[in-house]
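# Reading the structure
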Amino acid sequence: MSQQNHSSSQLIPEAGLRASHFADLVRLAQIVYDPSGGLSGRSIVVDWASIGLPEAIVIDLKILGQRYQFASPHISPDVIWEQLTPASRKWFVENRTLLAELEETFLARDED
């Protein structure tokens, strides 16, 4: 068995992560990539460190957010997990309960 398969399929449940946590992470990544929510002519500068996002995590989330910019946030947890750096995985596990709260501080992306 490869270590990579073991780390995602086995670790995700052990870490207490649910599909909803991954959806929250994807939504937050979309926001980090484009805080304006896709509104043309609107530019928002966010001090991510002030809300608890270290620079390395912001970089990882921007990449993820760009990749899934217009996608539904309900992507397979294994797919998302494999795309995170070890530092982002650790941050995600430690902050999984805060993701929805962070996301709610920005414009709704899926509402009219």
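The structure presented is a predicted model; accordingly, all values stated were derived computationally and were not measured. (Residues numbered from 1 in each chain as written. Predicted model: local features only at pLDDT ≥ 70, side-chain atom pairs only at ≥ 80, totals over all residues. Heavy atoms only, no water.)

### Focus: the overall build of the protein chain
- On a plain count of helices and strands, the protein chain comes out with six helices and zero strands.
- Of the regular secondary structure in the protein chain, the N- to C-terminal order runs α-α-α-α-α-α.
- For the protein chain, the residues scored as buried account for 39% of the 112 residues in total.
- Of the contacts formed within the protein chain by residues at least 6 apart in sequence, a portion of 76% connects residues at least 24 apart.
- Element-wise, carbon and sulfur atoms account for 53% of the exposed surface of the protein chain, whose accessible area totals about 6,700 Å². (Helix = DSSP H or I, 4+ residues; strand = E, 2+ residues; numbered from the N terminus. Buried < 20%, exposed > 50% of the residue type's maximum accessible area, 1.4 Å probe, protein only. Contact = heavy atoms within 4.5 Å. Areas by Shrake-Rupley, 256 points an atom, 1.4 Å probe, with all protein chains shown as cover.)

### Examining the pattern of salt bridges
- Taken as a whole, this structure holds four salt bridges when the rule is applied.
- Linking E103 and R27 is a salt bridge whose minimum nitrogen-to-oxygen distance equals 2.9 Å. A residue pair is termed long-range when its members are at least 10 positions apart, and E103 in helix α6 (residues 99-104) and R27 in helix α2 (residues 19-33) qualify at 76 residues. The same class applies to E103 as to R27, namely buried.
- With a shortest N-O distance of 3.9 Å, E82 and R89 are connected by a salt bridge.
- We classify E82 as partly exposed; its relative accessible area is 27%.
- Accessibility expressed as a relative area gives 18% for R89, which makes it buried.
- Taken together, the shared-partner salt bridges connect D24, R27 and E103 into one network. (Salt bridge = Lys/Arg side-chain N within 4 Å of Asp/Glu carboxyl O.)

### Re the confidence of the model for the protein chain
- When pLDDT is averaged along the protein chain, the result is 83, and 79% of the positions lie at 70 or above.
- Confidence, read as mean pLDDT per element, is least for helix α1 (residues 3-14) in the protein chain (56) and greatest for helix α3 (residues 55-67) (96).
- Throughout residues 1-6 the model reports pLDDT below 50, and contacts reaching past four residues in sequence, or to other chains, amount to four contacts. (pLDDT = per-residue confidence, 0-100.)

### Digging into the packing of α2 against α3
- The interhelical angle for the contact between α2 and α3, taken along N-to-C directions, is 95°, at an axis separation of 7 Å. By the angle class used here, α2 and α3 are roughly perpendicular. Facing α2, whose interface residues are L25, L28, A29, Q30, V32 and Y33, α3 presents V58, L61, K62, L64, G65 and Q66. (Axes fitted to C-alpha atoms, helices over the stretch in contact; angles between N-to-C directions. Parallel < 35°, antiparallel > 145°, perpendicular 65-115°, else oblique.)

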